[in-house]
Amino acid sequence: MELKITCIPGDGIGPEIVREAKKVLNKVAEVYGHEMNFTDILMGGASIDVHGVPLTDEAIATAKAADAVLMGSIGGNTSTSPWYKLPPQNRPEAGLLKIRKALNLFANLRPAILYEELAGACPLKEEISSKGFDMMIMRELTGGLYFGARKTEEVDGVLKATDTLTYDENEIRRIAIKGFDIAMKRNKKVTSVDKANVLDSSRLWRKVVEEVAKDYPEVSYEHMLVDNCAMQLVKDPSQFDVILTENMFGDILSDEASMVTGSIGMLASASLNDTKFGLYEPSHGSAPDIAGMNIANPIATILSASMMLRYSFDLDKEADAIDAAVKQVLKDGFRTGDIMSEGCTKVSCSEMGDLLAERIQ
Ligand code: IPM
Ligand code: MG
């Protein structure tokens, strides 16, 4: 089949890791008889430098015309880059928020997995990490604090800033349904995370999740307060299967979960709408300090490409081939600097891409 993919190389290490993902996808196309049709668009700082804004309407239109979007990373050093002298709506991150909203990507899937071969990198005590873990964080991505009205004003000579956290029941229901659907394909457990002891939006969240849960009698579910969840993630991450939560809590908890794996360079993500369309990106950022040095780990982006094949194109065999290649390359002892350990062979970003492409069968 022909796969129309819009790529966003972006900033920092983005262009390097996207290049390796394309390499692996081209190998998949060759082995399985598909045709990859890539179109690049600018977003983030790369777009600011050319167009003065982090995402143009033309770029959004190009993304919409594709079947899926594969992204590297955007943004620069927030204390030194000139991009952060611009007004907030013109900074790199605004491009990411704009594309999420424009493409209605309300469901963000962030897996956090402890890879057996990399268990040594897990910062938790061995008695905790030895149990292993494999969870999926389902983060609502187009509502809540991120998209509520905000302003900064001066009231009686005092500066005052306001952000608003709003959810309607439909926004909660559609992400809850996705969460329970995903749980059905996994270990059938949902932990819905909120702050219902304080926030109205969380009390509504709880009510709607309970309604949705009735349609999934096979899935066990629980509610957990977000502060407790932050603790449980380091105390016993093996208790989680699907964590279902709103935008801001999901932003924070997904970073915590990825850190607990010890290998953030390995974690993929998918942002989906109601159709098969999705945007796929690594969970990590643009790492401006190592940009252009060919030492970044491209695996998270390559695993994001695998999620793309699975969720947007229903190409499970091909996705399995990428996942298997990643496992094999780790077994064969190859590591980029971020996951390097004694006795392994250190390779560059492009060498890792080559090694993975070779292992696609
Ligand atoms: C993420 C990032 C973004 C977010 C930033 C870059 C706006 O932290 O994807 O988690 O907060 O959603
Ligand atoms: Mg984040």
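Residues numbered from 1 in each chain as written. Chains lettered and ligands numbered in written order. Predicted model: local features only at pLDDT ≥ 70, side-chain atom pairs only at ≥ 80, totals over all residues. Heavy atoms only, no water.

Some points on the overall build of the chain
Then, in step 1: Looking only at helices and strands, the chain features 12 helices and 14 strands.
Then, in step 2: Computed over the C-alpha atoms, the radius of gyration of the chain is 20 Å, within 12% of the 21 Å expected from 2.2 N^0.38 for a compact globule of 361 residues.
Then, in step 3: With the C-alpha coordinates of the chain rotated into their principal frame, the extents come out at 60 × 50 × 40 Å.
Then, in step 4: Counting all 361 residues of the chain, 53% fall into the buried class.
Then, in step 5: Pairs at least 24 residues apart make up 75% of the contacts formed inside the chain by residues separated by at least 6 positions.
Then, in step 6: Counting 39 positive and 54 negative side-chain charges, the chain places the centres of these two groups 2 Å from one another. (Helix = DSSP H or I, 4+ residues; strand = E, 2+ residues; numbered from the N terminus. Rg over C-alpha atoms; globule rule 2.2 N^0.38 Å. Buried < 20%, exposed > 50% of the residue type's maximum accessible area, 1.4 Å probe, protein only. Contact = heavy atoms within 4.5 Å. Lys, Arg positive; Asp, Glu negative; His and termini not counted. Charge placed at Lys NZ, Arg CZ, Asp CG, Glu CD.)

Description of empty space enclosed by the protein
Then, in step 1: Under the criterion given, the structure shown has two cavities of 30 Å³ or more.
Then, in step 2: For the largest cavity, the calculated volume is near 50 Å³.
Then, in step 3: Around the largest cavity, the lining residues are L165, Y167, V193, D194, L199, S201, S202, W205, E246 and F249.
Then, in step 4: It is helix α7 (residues 200-213) that provides the largest number of residues to the lining of the largest cavity, a total of three residues.
Then, in step 5: A per-class count over the lining of the largest cavity returns six nonpolar, two polar and two charged.
Then, in step 6: Estimates place the volume of the second largest cavity at around 30 Å³.
Then, in step 7: Taken together, R110, P111, A112, I137, S254, A257, S258, L267 and S283 form the lining of the second largest cavity. (1 Å grid on protein atoms, 1.4 Å probe; cavity = no way out; pocket = protein on both sides within 12 Å on 5 of 7 lines; lining within 4 Å. Points joined across faces, edges and corners; volume = space filled by probe spheres on them. Nonpolar A, V, L, I, M, F, W, Y, C, P; charged D, E, K, R; others polar.)

Concerning the sheet that holds strand β3 (residues 68-73)
Then, in step 1: Taken in spatial order, the 10 strands of this open sheet run β2-β1-β3-β12-β11-β4-β5-β10-β8-β9, and their pairing is mixed. If you trace the sheet from one side to the other, it starts and ends with β2 (35-40) and β9 (220-225), each paired once. With strand direction ignored, the average angle separating the axes of adjacent strands in the sheet is 25°.
Then, in step 2: Contacting β4 (107-113), β5 (134-140), β8 (189-194) and β10 (242-245), helix α9 (residues 247-261) crosses the sheet at an angle of about 160° to β5. (Pairing = 2+ DSSP bridges. Axes fitted to C-alpha atoms, helices over the stretch in contact; angles between N-to-C directions.)

Observations concerning the packing of aromatic side chains
Then, in step 1: Summed over the entire model, instances satisfying the criterion amount to three aromatic pairs.
Then, in step 2: Both rings, one in Y167 and one in W205, keep their centres 5.8 Å apart while their planes meet at 70°; by these two values the pair is edge-to-face. With Y167 in the loop between β7 (158-163) and α6 (169-184) and W205 in helix α7, this pair connects stretches of sequence that are 38 residues apart.
Then, in step 3: With relative accessibility at 7%, the residue Y167 sits in the buried group. (Phe/Tyr/Trp six-rings, centres within 6.5 Å; stacked < 30°, edge-to-face > 60°.)

Here we look at the site of ligand 1
Then, in step 1: Around ligand 1, the structure places E93, R100, R110, R139, Y146 and D251.
Then, in step 2: Residue R139 places a side-chain N or O atom 2.9 Å away from an oxygen atom belonging to ligand 1.
Then, in step 3: Separating an oxygen atom of ligand 1 from a side-chain N or O atom of D251 is a distance of 2.9 Å.
Then, in step 4: Here ligand 1 has 320 Å² of accessible area as a free molecule, and 73% of this is covered by the chains.
Then, in step 5: Tallied by class, the residues present in the shell around ligand 1 amount to one nonpolar, no polar and five charged. (Near = heavy atom within 4 Å. Polar contact = N/O pair within 3.5 Å; in protein donor to acceptor, adjacent residues only side chain to side chain. Areas by Shrake-Rupley, 256 points an atom, 1.4 Å probe, with all protein chains shown as cover.)

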